[in-house]
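Chain residues, written in single-letter form:
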Amino acid sequence: MEQQGADAFDPEEYLFTCLTYRESQRVLSEQVLPAVAKLVLVHFHWQLTDILERHKSNSAQLLLDAHVQPAPCNPVSAHAAPPHSSLHCGVCLQLVRKESLLALPCQHPFCKSCWEQHSTVLVKDGVGVGISCMAQECPLRMPEDFVLPLLPSEELREKYRRYLFRDSVESHYQLQLCPGADCPIVIQVQEPRARRVQCSRCSEVFW
Ligand SMILES: [Zn+2]
Ligand SMILES: [Zn+2]
Ligand SMILES: [Zn+2]
């Protein structure tokens, strides 16, 4: 593939940039964004104009669509404050003091060790942005500031950050990870349509 039509192919003609990990983080504004905002951006492929329009017309619906806020008439929140000081964790069924239960905005409460296990298993499976609430059929996403303190080792936290980064890049309409073996370069194209690009680091050519 590299040889065929190579004479006609001039990478300079195309508007694309090869970015390092750090540079692409800047494009994704990774350092400054609140975790929930990032989930919204990923869900809507970082199409800012579209997101702002949706926010203007119905911000509640935007957060609902991005799976970061529950539907307004959630039956669980109707009795979110039961009189008992302890509750059964919905996963391990152990009686847990209310203060030791954790819940996302959907108010599905589970004990900390069940949340920890849930996050650990999914991160080990390579899941990043897609980690969601443990309640059945609850689509709510777990933001990274909820997941990170639950992961038991720095090694897992680092893996998780990498998966989040991968998901951010893959969801971005202008970014693409270089498919070259173990190549950390991210390609930024100025237009969303597919074009032939060449990685400045590993020289891989791809569409
Ligand atoms: Zn539990
Ligand atoms: Zn939930
Ligand atoms: Zn490359």
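The following paragraphs examine the structure supplied in this document. (Residues numbered from 1 in each chain as written. Chains lettered and ligands numbered in written order. Predicted model: local features only at pLDDT ≥ 70, side-chain atom pairs only at ≥ 80, totals over all residues. Heavy atoms only, no water.)

### A closer look at empty space enclosed by the protein
Over the atoms rolls a probe the size of a water molecule, and in doing so it shows where empty space is left.
Phase 1 of the analysis: Counting across every chain of the model gives one cavity of 30 Å³ or more.
Phase 2 of the analysis: Here the largest cavity defines a volume of roughly 50 Å³.
Phase 3 of the analysis: A35, K38, L39, V42, V129, M142, E144, Y160 and L164 together form the lining of the largest cavity.
Phase 4 of the analysis: Listed by contribution, the elements that provide at least two residues to the lining of the largest cavity are helix 2 (35-43) and helix 7 (154-171).
Phase 5 of the analysis: Counting residues per element, the lining of the largest cavity draws most heavily on helix 2, at four residues.
Phase 6 of the analysis: Across the lining of the largest cavity, the residue classes break down as seven nonpolar, no polar and two charged. (1 Å grid on protein atoms, 1.4 Å probe; cavity = no way out; pocket = protein on both sides within 12 Å on 5 of 7 lines; lining within 4 Å. Points joined across faces, edges and corners; volume = space filled by probe spheres on them. Helix = DSSP H or I, 4+ residues; strand = E, 2+ residues; numbered from the N terminus. Nonpolar A, V, L, I, M, F, W, Y, C, P; charged D, E, K, R; others polar.)

### Details of helix 2
Phase 1 of the analysis: Buried residues of helix 2: A35, K38, L39, V40, L41 and V42, and no others.
Phase 2 of the analysis: A positive phi of about 55 degrees marks H45, the residue just after helix 2. (Buried < 20%, exposed > 50% of the residue type's maximum accessible area, 1.4 Å probe, protein only.)

### So, the layout of surface pockets
Phase 1 of the analysis: Taken as a whole, the second largest pocket spans an internal volume of roughly 220 Å³.
Phase 2 of the analysis: What lines the second largest pocket is Y21, R162, Y163, F165, R166, L177, D182, C183, P184 and V186.
Phase 3 of the analysis: Per-element tally for the lining of the second largest pocket: the top contributor is helix 7, with four residues.
Phase 4 of the analysis: Split by residue class, the lining of the second largest pocket holds seven nonpolar, no polar and three charged.

### Looking at the side chain of K38
Phase 1 of the analysis: Looking at where K38 falls in the secondary structure, it is placed in helix 2.
Phase 2 of the analysis: Within the local environment of K38, its side chain forms a polar contact with the side chain of E144, the two groups lying 2.7 Å apart. (Polar contact = N/O pair within 3.5 Å; in protein donor to acceptor, adjacent residues only side chain to side chain.)

### Section: the packing of helix 5 (residues 112-124) against helix 7
Phase 1 of the analysis: In the contact formed by helix 5 and helix 7, the axes pass within 10 Å of each other and the chain directions differ by 60 degrees. By the angle between their directions, the pair helix 5 and helix 7 is classed as oblique. Note that helix 5 runs across helix 7; the crossing there is left-handed. Facing T120, V123 and K124 of helix 5, the residues of helix 7 in contact are L156, K159, Y160 and Y163.
Phase 2 of the analysis: Residue composition of the contact of helix 5 with helix 7, grouped by class: four nonpolar, one polar and two charged. (Axes fitted to C-alpha atoms, helices over the stretch in contact; angles between N-to-C directions. Parallel < 35°, antiparallel > 145°, perpendicular 65-115°, else oblique. Left-handed = near helix turned anticlockwise from the far one by under 90°. Contact = heavy atoms within 4.5 Å.)

### Section: the coordination of the zinc ion (ligand 3)
Phase 1 of the analysis: The protein atoms donating to the zinc ion (ligand 3) are C178 (SG), C183 (SG), C199 (SG) and C202 (SG), with metal-donor distances spanning 2.3 Å.
Phase 2 of the analysis: Classification of the site at the zinc ion (ligand 3) as tetrahedral follows from its four donor atoms and the range of 100 to 114 degrees in their angles at the metal.
Phase 3 of the analysis: Along the chain, the residues that donate to the zinc ion (ligand 3) are spaced as C-x4-C-x15-C-x2-C. (Donors = N, O, S within 2.8 Å, 3.2 Å for Na, K, Ca; no water. Tetrahedral: all angles 85-135°; square planar, octahedral: opposite > 155°, others 65-115°.)

### Here we look at the pattern of salt bridges
Phase 1 of the analysis: In total, this model carries nine salt bridges according to the counting rule given.
Phase 2 of the analysis: As a salt-bridge pair, R54 and D65 come within 3.9 Å of each other at their nearest N and O atoms.
Phase 3 of the analysis: R166 is the salt-bridge partner of D167, the closest N and O atoms lying 3.0 Å from each other.
Phase 4 of the analysis: The class for R166 is partly exposed, based on a relative accessible area of 24%.
Phase 5 of the analysis: A single salt-bridge network, built from bridges that share partners, covers E154, R157, E158 and R161. (Salt bridge = Lys/Arg side-chain N within 4 Å of Asp/Glu carboxyl O.)

### Regarding helix 5
Phase 1 of the analysis: With 13 residues, helix 5 should cover 18 Å at 1.5 Å per step; its first-to-last C-alpha distance of 18 Å lies within 8% of that length.
Phase 2 of the analysis: Here helix 5 has its buried residues at C114, W115, H118, S119, T120 and V123.
Phase 3 of the analysis: Turning to helix 5, the residues buried within the fold contact strand 4 (101-102), strand 5 (110-111), helix 6 (144-147) and helix 7. (Expected span 1.5 Å × (residues − 1).)

The quantities given are spatial measurements derived from coordinates; they are silent on function.
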